[in-house]
Structure formats: C-alpha cells, structure tokens
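Here is how the chains run, residue by residue.
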Amino acid sequence: MKSIVVRWGSVFVVGLLLFVGTYYIAMDMEYLSYGVNDKGQFVLHEGFNEQAPILNTDVRDEQEGLAKLGEHMATFNQWVMATLVVTAFFLATYYVLVSEKALGNHRKKKRYLSLTIVANVAVAGLLLVQWVRYADLINKGINNVIF
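Overview of the structure. All values derive from a computational prediction rather than experimental measurement.

Calculation rules
- Residues numbered from 1 in each chain as written.
- Predicted model: local features only at pLDDT ≥ 70, side-chain atom pairs only at ≥ 80, totals over all residues.
- Heavy atoms only, no water.
- Helix = DSSP H or I, 4+ residues; strand = E, 2+ residues; numbered from the N terminus.
- Areas by Shrake-Rupley, 256 points an atom, 1.4 Å probe, with all protein chains shown as cover.
- Pairing = 2+ DSSP bridges.
- Contact = heavy atoms within 4.5 Å.
- Axes fitted to C-alpha atoms, helices over the stretch in contact; angles between N-to-C directions.
- Left-handed = near helix turned anticlockwise from the far one by under 90°.
- Nonpolar A, V, L, I, M, F, W, Y, C, P; charged D, E, K, R; others polar.

With that settled, the discussion passes to the overall build of the chain. When you go through the chain residue by residue, the secondary structure sums to three helices and three strands. Counted from the first residue to the last, the chain has its helices and strands arranged as α-β-β-β-α-α. Overall size of the chain, expressed as C-alpha extent along the three principal axes, is 65 × 25 × 20 Å. Accessible surface, the chain: about 9700 Å² in total, of which carbon and sulfur atoms supply 62%.

Right under this line is the structure:
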C-alpha cells in the first residue's frame, strides 16, 4: 500500500511540476492578460499568440471597464491553474490504476477505474462550463472597453 501512495505522489508531483512549470515559463502564469500601449490602444495577450493591438481606439479613459476586465482575466487564469492541478491529479490516479505493478489484478480495480472516469468527466464538464462562462464575460468586457 505504501508503494502505491509513493508512486501516486511522485507521478502527481512530476506532472504538477511539468504542467505548472510550462505554464510559468511559457506564459508567466497568465493565459490571458491585457495591456495598453503608448498610443492608448488595447493590447490582448492570449496564450502563445503574439500580442497585438485590437483596435486603433484610445482606451485610456476606460479605467473602470479595464479594471473589471482585469478581474475577469485574473479569475480565468486561476481556473487555468486549477485545470493544471486537476490534470496532474487524474494523471497520477490513472497511472496507478493502470499500472500492473501497483494494483495488478486487484478485485476492485475496474470499479476504481470506472469511478475515476466518471469523476474525470464531471470535473472536465465543470471546467468546460467555467471556461465558456469566463470567455463570454471577457468577450463582453472587451466589447465594453473598446466600444
């Protein structure tokens, strides 16, 4: 039993370091962020895409809308981080459940695997709903700032 916990923990830590490390190095812990350039243009930073001004409109007077947009983007970035942690958790769980060394022919192996799949689908559904929700809020926020 101890070897299963150690195996799960090591896979979880390695997965977490890999996912969060990539997120930190590649995106500086922000999948979405914005800025305002010297000309007052709204600049969107999204994932791995190059930052580019959205419109030639001066948005320096839209401080309230920019603050609200920043809040939505910060919350969205927290959900991205939660997704990475959950992914590492399920990766470690699947590794232990599928590993022959860890569980072998344990009598409840299929039941545990089924429960893990159901939990994974439920959590993925929740994260997808949150992704769509915040994508809509951010889209509306950008429209409020620009127009």
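Still more ground to cover, so stick around.
So, on to the sheet that holds strand E3 (residues 52-53). Two strands in a sheet stick together by hydrogen bonds in their backbones, pointing the same way (parallel) or opposite ways (antiparallel). Pairing in this open sheet of three strands is antiparallel, and the strands run E1-E2-E3 from one edge to the other. Unpaired on one side and paired on the other, strand E1 (32-36) and E3 mark the two borders of the sheet. Where strand E2 (residues 42-46) meets E3, two bridges bridge the pair, whose relative direction is antiparallel. Bridge pairing links Val-43 to Pro-53 in E3. Its contacts with the sheet place helix H2 (residues 63-98) against E1 and E2, and it is angled at close to 155 degrees to E1.

Of the strand pairs in this sheet, E1 and E2 are connected by five bridges, and their pairing is antiparallel. Of the residues in E2, the one forming a bridge with Val-36 is Phe-42. Hairpin geometry of E1 and E2 is characterised by an intervening segment of five residues between the two adjacent antiparallel strands and by a positive phi of about 85 degrees at Gly-40.

So, on to the environment of Val-14. Tracing the backbone through its elements, the reader meets Val-14 in helix H1 (residues 2-27). Linking Val-14 and Ala-92, residues 78 residues apart in sequence, is a C-alpha distance of 9.2 Å.

Running from N to C, H1 and H2 cross one another at 150 degrees; their axes reach a closest spacing of 8 Å. Crossing geometry of H1 relative to H2 is assigned as right-handed. Here the contact of H1 with H2 is built from residues that sort into 18 nonpolar, four polar and one charged.

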